[in-house]
Amino acid sequence: MAQLAAVTIKDIAAAAGVGITTVSRALNNQDEISPATRARILEIADELQYLPNRHAQNLRSSHINNIAMVMKGPSNPFFLSLIDPLEKEIRSQGYQMSLLRVPHGVEEVEIGRGAQQNSGAAGVLFLGGEAHQSTTVFDTFPLPFVMCTVPPGPQWNHTVATVSVDESSAIAKIVSHLAKLGHKRIAFLGPDKSEHSVGLIRQEAFISALKQEGISYDKQLTVQGNKKDNPYSLSYGYHMAQRLLARKIPFTAVVAISDVIAIGAQKALIDADIRIPQEVSVTGFDGIEFSRYTNPALTTIEQPIEQLAENTCHLLFSQINKKKVKQSQILLPGTLLVGDSTAPAPNC
């Protein structure tokens, strides 16, 4: 007598009129679906006499269902805020996540290259990294991968999947906001001089945005750290602002490449008895939660964390499952959040 084919989650999904991911969430008692949907799916599973494939589950609980997250710059609080939504998306696909922290200055692609051997990863998610590398760096990469928060590099073709905020547009929003407030002497706290990634892109976008607003760019108002400095930290922002003040060049606003640098800069300005925003306006970038609770609350660009996580994982699992995507390089809009740290320029 022929044995009936085993019922699969695809069969349950078809009967319930939902996606496979929804069925998987219901069967694994995950929180991302409504109780009513879960109850209906479990009822259909019973009716179809579904039996979990324990062998498959055992395989999926081993290395093969692991996604390696390679985080460049582990002290960056914005990256820390992305870990939970990324892991949530990864787990919704039935995978686990392992986190590999890469210090600033260390080559992240080579770390990711060893993920398959070291952790049996099925794919690699790069959180941060160098945008000015050659595409050839990725030609022999052994696993599906996506660059998250890294915009497409000038030498990259569409084989390098990326998801990031539109850096140029976001910086233009900040500069436009300051220009409307009458600021013309705008300082910039940039990355260290060895960086060739997001910080440099934001610096180039800042110069371009000034030009669009008809504001002259003064190189002496741009401060960058040295190669050994630890960027994207409070202390980096504090010391860069101190260096800016030491130049004794007038300015009425400061644009920092991240919230954490802006917050450190605010402390340096306050310590120098400079009032924010009455004498100097300060802006950041990222929209980290802490920026809303500084005094004054920071004007910044909020990055769409949930969209970054969703799009990144969509691209990664499309590669893993060998599915085509319409777009492999995605730019998302950033939102200008006007806080209490910006005001009309003095005497305007």
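Predicted, not measured: the structure shown is a model, and the values here were computed from it.

Engineer: How would you explain helix α1 (residues 9-16) if you had to name every residue and give the values?
Structural biologist: When we look at burial in α1, the residues that qualify are Ile12, Ala13 and Ala16. Considered in projection along α1, the buried side chains sweep an arc of 100° and stay on one side of the axis. Exposed side of α1, more than 90 degrees from the buried face: Lys10 and Ala14 are the residues found there. The elements touched by buried residues of α1 are α2 (20-27) and α3 (35-47). Where α1 ends, the next residue or the one after it, glycine 17, has phi of about 70°, a positive value.

Engineer: Explain the pattern of salt bridges to me, using residue names and the numbers behind them.
Structural biologist: A full pass over the atoms with the stated rule returns nine salt bridges. Its salt-bridge partner being lysine 72, residue glutamate 108 comes within 2.8 Å of it at the nearest N-O pair. Of this pair, glutamate 108 sits in helix α6 (residues 108-113) while lysine 72 sits in strand β1 (residues 66-72), and the two are 36 residues apart along the sequence. Overall, the relative accessible area of 0% leaves glutamate 108 in the buried class. Its salt-bridge partner being arginine 91, residue glutamate 87 comes within 3.3 Å of it at the nearest N-O pair. With glutamate 87 and arginine 91 both in helix α5 (residues 77-92) and four residues apart, the pair spans about one turn of that helix.

Engineer: Let's hear about the side chain of glutamine 266: which residues, and what values?
Structural biologist: As for its position among the elements, glutamine 266 is in helix α12 (residues 259-271). Ignoring any residue separated from it by four or fewer positions in sequence, one finds glutamine 266 in contact with Ile276, Val282, Thr294, Pro296, Leu298 and Ser341.

Engineer: Describe empty space enclosed by the protein, and please don't skip the residues or the numbers.
Structural biologist: As enumerated under the stated definition, the model contains two cavities of 30 Å³ or more in all. Computed from the structure, the largest cavity encloses a volume of approximately 310 Å³. Lining the largest cavity we find 23 residues, and of these Lys72, Asn76, Phe79, Val198 and Tyr232 sit closest to its centre. For the lining of the largest cavity, the secondary structure elements donating two or more residues are α5 and α10 (198-212).

Engineer: Residues and numbers for the side chain of serine 258, please.
Structural biologist: Within the fold, serine 258 resides in the loop between β8 (253-256) and α12. Among the residues examined, serine 258 registers a relative accessible area of 0% and is labelled buried. Sequence-distant contacts of serine 258, that is, excluding residues within four places in its chain, are made with Tyr232, Gly284, Phe285 and Asp286.

Engineer: If you had to explain the pairing of strand β3 (residues 121-127) to someone new, which residues and values would you point to?
Structural biologist: Consecutive side chains along a regular strand alternate between the two faces of the sheet. Within β3, seven of the seven residues are buried, which leaves it mostly tucked inside the rest of the structure. Alignment of β1 against β3, held across six bridges, turns out to be parallel. Within β3, the residue paired with alanine 68 across the bridge is valine 124. Bridging between β3 and strand β4 (residues 145-148) involves four bridges; their strand directions are parallel. The residue of β4 that forms the bridge with valine 124 is phenylalanine 145.

Criteria and thresholds
Residues numbered from 1 in each chain as written. Predicted model: local features only at pLDDT ≥ 70, side-chain atom pairs only at ≥ 80, totals over all residues. Heavy atoms only, no water. Buried < 20%, exposed > 50% of the residue type's maximum accessible area, 1.4 Å probe, protein only. Helix = DSSP H or I, 4+ residues; strand = E, 2+ residues; numbered from the N terminus. Arc of directions from axis to C-beta. Contact = heavy atoms within 4.5 Å. Salt bridge = Lys/Arg side-chain N within 4 Å of Asp/Glu carboxyl O. 1 Å grid on protein atoms, 1.4 Å probe; cavity = no way out; pocket = protein on both sides within 12 Å on 5 of 7 lines; lining within 4 Å. Points joined across faces, edges and corners; volume = space filled by probe spheres on them. Pairing = 2+ DSSP bridges.

Functional significance is not addressed by these values, which are geometric in nature.
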